[in-house]
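In case you want the letters, here they are:
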There are 2 protein chains.
Amino acid sequence: MAERAQYEELVRQFSAFGLVKRELGRILPDGCSHASAAVLALLSRYGDIRMGKLAELLAVDMSVISRQVAHMAAQGWIDRSPDPADRRSRILRLTPEGRDQLDELSERTTRLLADRLSDWTDDEVGRLIGLMARLRSSFDSTGCEPAGLTAVTAHRTPSPSHPYASDRRTDEGRP
Amino acid sequence: MAERAQYEELVRQFSAFGLVKRELGRILPDGCSHASAAVLALLSRYGDIRMGKLAELLAVDMSVISRQVAHMAAQGWIDRSPDPADRRSRILRLTPEGRDQLDELSERTTRLLADRLSDWTDDEVGRLIGLMARLRSSFDSTGCEPAGLTAVTAHRTPSPSHPYASDRRTDEGRP
DNA sequence: TATTGTTATACTCTATAACTATA
DNA sequence: TATAGTTATAGAGTATAACAATA
């Protein structure tokens, strides 16, 4: 259990993280926002999924996904076909254009990170990935671990790949 | 130097971090956004500073600070007095109400983090702080920038007083 | 009635550009 | 001319609430 000063410093790092996100945002291709990039990556990883599932994976409201996905469909990056089994739902699928976009995205972010983190070791990057994954998992009330490498093969399973999964439901500390 | 797959995973963790930020945002007091909280913390740490300095510390455009600070002054949390030495400038100072607000803020975030990170050790939290500090530093201090990227003014900051300070250009965060 | 998704509205954060007032 | 700050505008991300279609 950490102390108050440490938590305050952690929060400060959280807010400073905005700079990193903004820098990454500057290299995004036209029409492709952070959110679009995240959706492309998830579709590539999980295959054809429904909007609700996507909202769950990204931990945002479905209205957010709905608008986002509409934009991406207009760009030609994804298909939205009605689910034959439940006509309220729509199945999302990456188009070839979507894959191209994802490749371009991956190319650009890799180049930027390789430059900025050129003095980081493989191991250090791995540690940051691990800690951020665990942080997210500590904050995720669903117990799932949607976007982490540690859960690549198992987004439905209760994250067996690390010993820190949290199923706590307490709302302590919330208004 | 890490590999492409690792960089891609890192970017995924970055986007997943949004959830953490949103959760933290939910406990903020009325009228006090993430941005306000960050400004309060910086004013408390650095004392009376000018708007430009604040913009530099937060790595955002001054127009952003201007609006933010206007809101905070309206709330009574900060004073904006003209700088006698340069009447174009304004010196920002925390009011007693601003301190109270910061205390309340600190109380709430500490409670939330203590709950969510209850199974993290002191050392683990410290490692995350160190790695995020280094990440930030890697993104605002690089001499060579990839084509098409806007330079972010590198800044030197005074050494803060506690052991988890973030702005130093040290090897903190490295093993 | 409950669930899936859509749309409308509002609020925050951010950057650019045009503006002012000093220097 | 150059700098410190302000304001207007635009765009992205998010949440809530009202709504439609289907289960």
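What comes next concerns the included structure. Everything quoted here is computed from the prediction, not taken from an experiment.

**What to know about a negative patch on the surface**
All names here are of chain A.
Stage number 1. Together, Asp79, Glu97, Asp100 and Asp103 make up a region of like negative charge exposed at the surface.
Stage number 2. In terms of residues, the negative patch owes the most to one element, helix H5 (residues 96–116), which gives three residues.
Stage number 3. Examined against the element boundaries, aspartate 100 turns out to sit in helix H5.

**A word on the relation of the copies chain B and chain A**
Stage number 1. The transformation that overlays chain B on chain A combines an axial shift of 0.0 Å with a rotation of 180°, and the residual RMSD is 0.1 Å. On this basis, the relationship between the two copies can be described by a two-fold rotation axis. The position closest to the rotation axis in chain B is occupied by the C-alpha of Leu128(B), lying 3.5 Å away.
Stage number 2. A share of 82% of the interface residues of chain B reappears at the interface of chain A, consistent with the copies meeting face to face through the same patch.

**Notes on the interface of chain B and chain A**
Stage number 1. In this assembly, 78 residues from chain B lie in contact with 70 residues from chain A.
Stage number 2. Both faces considered, chain B and chain A share a buried interface measuring about 7600 Å² in area, 63% of it formed by carbon and sulfur atoms.
Stage number 3. Summed over the three residues of chain B that lose the most area to chain A, namely Tyr7(B), Arg116(B) and Phe139(B), the buried surface amounts to 10% of that side.
Stage number 4. The interface formed by chain B and chain A contains eight salt bridges.
Stage number 5. The closest approach of N and O atoms between Arg4(B) and Glu107(A), which form a salt bridge, is 3.4 Å.

**Describing the protein's contact with DNA strand D**
Stage number 1. Taken together, 24 residues surround DNA strand D, and among them Ser63(A), Gly52(B), Ser66(B), Arg88(B) and Arg90(B) come closest.
Stage number 2. In DNA strand D, atoms within 4 Å of the protein come 68% from sugar and phosphate.
Stage number 3. Contact distances for DNA strand D include 3.0 Å between a phosphate oxygen and a backbone N or O atom of Asp61(A).
Stage number 4. In the environment of DNA strand D, a phosphate oxygen lies 2.7 Å from a nitrogen or oxygen atom belonging to the backbone of Gly52(B).
Stage number 5. Every element with two or more residues in the surface near DNA strand D is listed here: helix H2 (34–46), helix H4 (62–75) and strand S3 (86–94) of chain A together with helix H1 (4–26), helix H3 (51–58), helix H4 (62–75) and strand S3 (86–94) of chain B.
Stage number 6. In terms of residues, the surface near DNA strand D owes the most to one element, H4(A), which gives four residues.
Stage number 7. Of the residues in the surface near DNA strand D, the class split is five nonpolar, eight polar and 11 charged.

Calculation notes
Residues numbered from 1 in each chain as written. Chains lettered and ligands numbered in written order. Predicted model: local features only at pLDDT ≥ 70, side-chain atom pairs only at ≥ 80, totals over all residues. Heavy atoms only, no water. Patch = residues over 30% accessible without salt bridge, like charges linked within 9 Å, V, L, I, M, F, W, Y side chains within 5 Å. Areas by Shrake-Rupley, 256 points an atom, 1.4 Å probe, with all protein chains shown as cover. Salt bridge = Lys/Arg side-chain N within 4 Å of Asp/Glu carboxyl O. Lys, Arg positive; Asp, Glu negative; His and termini not counted. Charge placed at Lys NZ, Arg CZ, Asp CG, Glu CD. Helix = DSSP H or I, 4+ residues; strand = E, 2+ residues; numbered from the N terminus. Least-squares fit on C-alpha atoms with pLDDT ≥ 70 in both. Contact = heavy atoms within 4.5 Å. Buried area = accessible area lost by both parts, 1.4 Å probe. Near = heavy atom within 4 Å. Polar contact = N/O pair within 3.5 Å; in protein donor to acceptor, adjacent residues only side chain to side chain. Nonpolar A, V, L, I, M, F, W, Y, C, P; charged D, E, K, R; others polar.

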